[in-house]
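# Per-entry structural report
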Amino acid sequence: MRDFYAELIENRFVDEVRQTLTFDETAYENLLGILADLAEVSKTELTIDRRVALLLYTIPQMIRNAYLSFETSAADMPEIAFRLEDAWVELDELVLAILTGAE
């Protein structure tokens, strides 16, 4: 079976956002791929490794917190803030699909 935990840990997207407030598009696309694959697996698997579940819970939250760190009006927000908002919503949606086994 594929080691989703290792793949999620090795992906640097969330760490880069958290540590340097940079949006690595390649790492983000890779993360989306991992999560999409995990969503497919979750349709047939009855359980998810608890370590993976913990990561799934924290990924959208960390991106949300980075987005919320911009306390300016919409007109003054940098482009990364809007990109983080979109990523937060997209990641949250994928995680929900994984955790519910939704199709």
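Residues numbered from 1 in each chain as written. Predicted model: local features only at pLDDT ≥ 70, side-chain atom pairs only at ≥ 80, totals over all residues. Heavy atoms only, no water.

### Here's the deal with the packing of helix α3 (residues 25-42) against helix α5 (residues 79-100)
The N-to-C vectors of α3 and α5 enclose an angle of 20°; their axes lie 8 Å apart at closest approach. Here α3 lies roughly parallel to α5, going by the angle between them. Here α3 runs over α5; the crossing is left-handed. Contact residues: Glu 25, Tyr 28, Leu 31, Leu 32, Leu 35, Ala 36, Leu 38, Ala 39 and Ser 42 in α3; Arg 83, Ala 87, Glu 90, Leu 91, Leu 94, Ala 97 and Ile 98 in α5. Here the residues of the contact of α3 with α5 sort into 12 nonpolar, 1 polar and 3 charged. (Axes fitted to C-alpha atoms, helices over the stretch in contact; angles between N-to-C directions. Helix = DSSP H or I, 4+ residues; strand = E, 2+ residues; numbered from the N terminus. Parallel < 35°, antiparallel > 145°, perpendicular 65-115°, else oblique. Left-handed = near helix turned anticlockwise from the far one by under 90°. Contact = heavy atoms within 4.5 Å. Nonpolar A, V, L, I, M, F, W, Y, C, P; charged D, E, K, R; others polar.)

### Focus on the packing of aromatic side chains
The final tally for this structure, using the stated rule, is 4 aromatic pairs. When the ring of Phe 23 is compared with that of Tyr 28, the centres are 5.2 Å apart and the planes differ by 55°; the resulting orientation is tilted. Accessibility expressed as a relative area gives 18% for Phe 23, which makes it buried. On the basis of relative accessibility, which here comes to 0%, the residue Tyr 28 falls in the buried class. Linked through ring pairs, Phe 13, Phe 23 and Tyr 28 together constitute an aromatic cluster. In this arrangement the basic side chain of Arg 51 is found over the ring face of Tyr 5, its NZ or CZ atom lying 4.0 Å from the centre. (Phe/Tyr/Trp six-rings, centres within 6.5 Å; stacked < 30°, edge-to-face > 60°. Buried < 20%, exposed > 50% of the residue type's maximum accessible area, 1.4 Å probe, protein only. Lys NZ or Arg CZ within 6 Å of the ring centre and 35° of its normal.)

### Observations concerning α3
The terminal C-alpha atoms of α3, which comprises 18 residues, lie 25 Å apart, in line with the 26 Å expected from a rise of 1.5 Å per residue. Among all positions in α3, only Ala 27, Tyr 28, Leu 31, Leu 32, Ile 34, Leu 35, Leu 38, Ala 39 and Ser 42 are buried. One face of α3 carries all of its buried residues, which in axial projection span an arc of 165°. The elements touched by buried residues of α3 are α1 (4-10), α2 (13-20), α4 (50-68) and α5. (Expected span 1.5 Å × (residues − 1). Arc of directions from axis to C-beta.)

### Focus: unusual backbone geometry
Non-glycine residue Leu 21 carries a positive phi angle of around 50°. Topologically, Leu 21 is positioned in the loop between α2 and α3. The partly exposed category is assigned to Leu 21, whose relative accessible area is 35%.

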